[in-house]
Amino acid sequence: LNGCSDDDDGCDDECGGGTSTNAQEVAEAASTIEAYIEEEVESSKVPPKPVITLLGDANVTHEAGTSYRDAGATATDHAGEDLTSDISTMGTVNTSKVGTYTLRYNVRDFDGRNAKEVTRTVNVVDTVAPVITLIGDEIVGLEVGAVFTDPGASATDAVDGSRTAYIVVTGT
C-alpha cells in the first residue's frame, strides 16, 4: 500500500507501519464512508404525504328535505402534526334535490405536499311520502238523501312541495 513493500515479517519497515495499521485505517475509512452514505440517503428521503381520515362513513344516505351536517375529517402530517384546520372541502350537498353528491377533502402540509384526496359520497333520497291533510272534519254526519260535497284535501311533500293537484279521490 502507498508504494511500500512488505517483507517476510509482516511489517512494513520501509514505510514505518505494519499491515495491521493499514488495515485499521482502511476499516476506519470504510466505516466513515458508510456513515456518510447512510446520512446522505436518509437526508434525501422524501417524507410521506399528509394523511386524511374521514370521520363517519365514506358513503352516506341522507333524507331529502332535512339539513345535512357533514361528519368532517382529520389530517396529520408525517411528524404527527394536526392539519385538520387546514383541510379544504370541495363540493356541496343539495338536500332539496334527490341525487348523488361528492365531497372532496384535501390538505397541504407545511412542506407543500398534498395529501391523497379523500371523498365522501352523499346519496340524497326521498323516502317520506307526501302528507295529506283533510279540509274539514274526518267524520261528517249527513241526512239520508242529502247530497254530499267533499270539502277536499291538500297534499304536501318535503321535497316536491304542494302535491294537492295530484290527489286522486276514490270510493263511493
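What counts as what
Residues numbered from 1 in each chain as written. Predicted model: local features only at pLDDT ≥ 70, side-chain atom pairs only at ≥ 80, totals over all residues. Heavy atoms only, no water. Core = buried A, V, L, I, M, F, W, Y, C linked by side-chain atoms within 4.5 Å. Buried < 20%, exposed > 50% of the residue type's maximum accessible area, 1.4 Å probe, protein only. Helix = DSSP H or I, 4+ residues; strand = E, 2+ residues; numbered from the N terminus. Contact = heavy atoms within 4.5 Å. Phe/Tyr/Trp six-rings, centres within 6.5 Å; stacked < 30°, edge-to-face > 60°. Lys NZ or Arg CZ within 6 Å of the ring centre and 35° of its normal. Pairing = 2+ DSSP bridges. Axes fitted to C-alpha atoms, helices over the stretch in contact; angles between N-to-C directions. Salt bridge = Lys/Arg side-chain N within 4 Å of Asp/Glu carboxyl O.

**Some points on the nonpolar core**
Turning to step 1, where the next piece is worked out: In terms of nonpolar packing, the biggest core is built from 17 residues, with I52, Y105 and V107 touching the most fellow members.
Turning to step 2, where the next piece is worked out: Contributing elements (two or more residues each) for this core: β3 (51-54), β5 (73-76), β7 (99-106) and β8 (118-125).
Turning to step 3, where the next piece is worked out: Sequence-distant contacts of V107, that is, excluding residues within four places in its chain, are made with P50, I52, A75, L83, D86, I87, R113, N114 and A115.

**Describing the packing of aromatic side chains**
Turning to step 1, where the next piece is worked out: For the structure shown, the criterion picks out 0 aromatic pairs.
Turning to step 2, where the next piece is worked out: Just above the ring of Y166 sits the side chain of R163; from NZ or CZ to the centre is 4.2 Å.

**Things to note about the pairing of strand β10 (residues 153-157)**
Turning to step 1, where the next piece is worked out: Alternating residues of β10 divide into A153, A155 and D157, all buried, and S154 and T156, none buried.
Turning to step 2, where the next piece is worked out: Sheet analysis places strand β9 (residues 131-134) next to β10, joined by 4 bridges and oriented antiparallel. In the sheet register, I132 faces β10, and the bridge partner there is A155.
Turning to step 3, where the next piece is worked out: Both β10 and strand β11 (residues 161-162) contribute to a ladder of 2 bridges, which runs antiparallel. Bridging from a neighbouring strand, D157 pairs with G161 of β11.
Turning to step 4, where the next piece is worked out: Between the antiparallel neighbours β10 and β11 lie 3 residues.

**Notes on the sheet that holds strand β4 (residues 59-63)**
Turning to step 1, where the next piece is worked out: Judged by pairing direction, the sheet is mixed, and its 4 strands sit side by side in the order β4-β8-β7-β6 without closing on themselves. One side of each edge strand has no neighbouring strand; the edge strands of this open sheet are β4 and β6 (88-90). In this sheet, adjacent strand axes meet at a mean angle of 25° when their direction is disregarded.
Turning to step 2, where the next piece is worked out: Judged from the 7 bridges that link them, β7 and β8 form a sheet pairing that is antiparallel. Within β8, the residue paired with Y101 across the bridge is V122.

**Some words on the pattern of salt bridges**
Turning to step 1, where the next piece is worked out: Scanning the entire structure with this criterion turns up 4 salt bridges.
Turning to step 2, where the next piece is worked out: Close ionic contact of R104 with E117 constitutes a salt bridge, the shortest N to O distance being 3.8 Å. One end of the pair, R104, is in strand β7; the other, E117, is in the loop between β7 and β8, and 13 residues separate them in sequence.
Turning to step 3, where the next piece is worked out: By relative accessible area, R104 is classed as partly exposed at 38%.
Turning to step 4, where the next piece is worked out: By relative accessible area, E117 is classed as partly exposed at 41%.
Turning to step 5, where the next piece is worked out: Measuring nitrogen to oxygen at the nearest pair gives 3.0 Å for the salt bridge that ties D109 to R113.
Turning to step 6, where the next piece is worked out: With relative accessibility at 18%, the residue R113 sits in the buried group.
Turning to step 7, where the next piece is worked out: Linked by salt bridges that have partners in common, D109, D111 and R113 make up one network.

None of the figures reported here should be taken as evidence of function without further support.
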